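Spelled out, the chains give:
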Amino acid sequence: QVQLVESGGGLVQAGGSLRLSCAASGRTFSSYNMGWFRQPPGKERELVVRMYYNSGSTYYADSVKGRFTVSRDNAKNTVYLQMNSLKPEDTAIYYCAASRRYPAREVSHYDYWGQGTQVTVSS
């Protein structure tokens, strides 16, 4: 069982930066693939990035490549999402999630979810 709690969301102007954190409970956190998803208003939840627990391999959505960076600190049971050069279209609720499946690119591949944190980017 893994419990996830996101933090770090807020209101930022276009071009600004935010760093989201996802704190996990559970001794097996280090053996889970982790993903960040987002859900814009009125739209479906979409993958932003996922990171494999063993290789550290990452997969980014095209819309965030070069602007967002995922990292994890297993000693702190925390995953981070550094978001730079934010755009109004990045406005969404951001969720972190944990999965033991592959390739872990779909919502259905994830077993545990946080409650989400709101990110709003003003133009």
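Here, every reference points to the structure presented above.
Residues numbered from 1 in each chain as written. Predicted model: local features only at pLDDT ≥ 70, side-chain atom pairs only at ≥ 80, totals over all residues. Heavy atoms only, no water.

> Looking at this model, I keep getting lost on unusual backbone geometry. Mind explaining?
For residues besides glycine, phi is generally negative; the peptide bonds are generally trans as well. Cis geometry marks the peptide bond from Tyr 102 to Pro 103; its omega dihedral reads 5°. Within the secondary structure layout, Pro 103 lies in the loop between β9 (92–99) and β10 (112–113). Positioned with a positive phi, Asn 77 is a non-glycine residue whose angle comes to about 55°. Turning to its location among the elements, Asn 77 is positioned in the loop between β7 (68–73) and β8 (78–83). (Helix = DSSP H or I, 4+ residues; strand = E, 2+ residues; numbered from the N terminus.)

> Even after reading the chapter, I still don't get the sheet that holds β8, so can you show me in this structure?
For sheets, the rule is that strands pair by backbone hydrogen bonds, running either parallel or antiparallel. Spatially, β1-β3-β8-β7 is the arrangement adopted by the 4 strands of the open sheet, whose pairing is antiparallel. Whereas interior strands pair on both sides, the edge strands pair on one side only; in this sheet they are β1 (3–7) and β7. For this sheet, the mean angle separating the axes of adjacent strands, direction not counted, is 15°. Across 6 bridges, the pairing between β7 and β8 is antiparallel. Paired with Val 70 across the bridge in β8 is Leu 81. (Pairing = 2+ DSSP bridges. Axes fitted to C-alpha atoms, helices over the stretch in contact; angles between N-to-C directions.)

> What am I meant to see in the nonpolar core here?
One broad rule of soluble globular proteins: the nonpolar side chains tend to lie buried together. Grouped together as the largest cluster of nonpolar side chains are 30 residues, with contacts concentrated most on Leu 4, Trp 36, Phe 68, Leu 81, Met 83 and Tyr 94. In this structure, Phe 37, Ala 97, Ala 104 and Tyr 110 belong to the second largest nonpolar core, which totals 6 residues. (Core = buried A, V, L, I, M, F, W, Y, C linked by side-chain atoms within 4.5 Å. Buried < 20%, exposed > 50% of the residue type's maximum accessible area, 1.4 Å probe, protein only.)

> Sorry if this is basic, but what is going on with the packing of aromatic side chains here?
For any pair of aromatic rings, geometry is given as the distance between the ring centres together with the angle between the planes. Taken as a whole and assessed by the stated rule, the structure comprises 6 aromatic pairs. On the basis of an interplanar angle of 75° and a centroid distance of 5.9 Å, the ring pair of Tyr 32 and Tyr 112 is categorised as edge-to-face. Taken together, the residues span a long stretch of sequence, with Tyr 32 in the loop between β3 (18–25) and β4 (33–39) and Tyr 112 in strand β10 at a distance of 80 residues. Like Tyr 32, the residue Tyr 112 is buried in the burial classification. (Phe/Tyr/Trp six-rings, centres within 6.5 Å; stacked < 30°, edge-to-face > 60°.)

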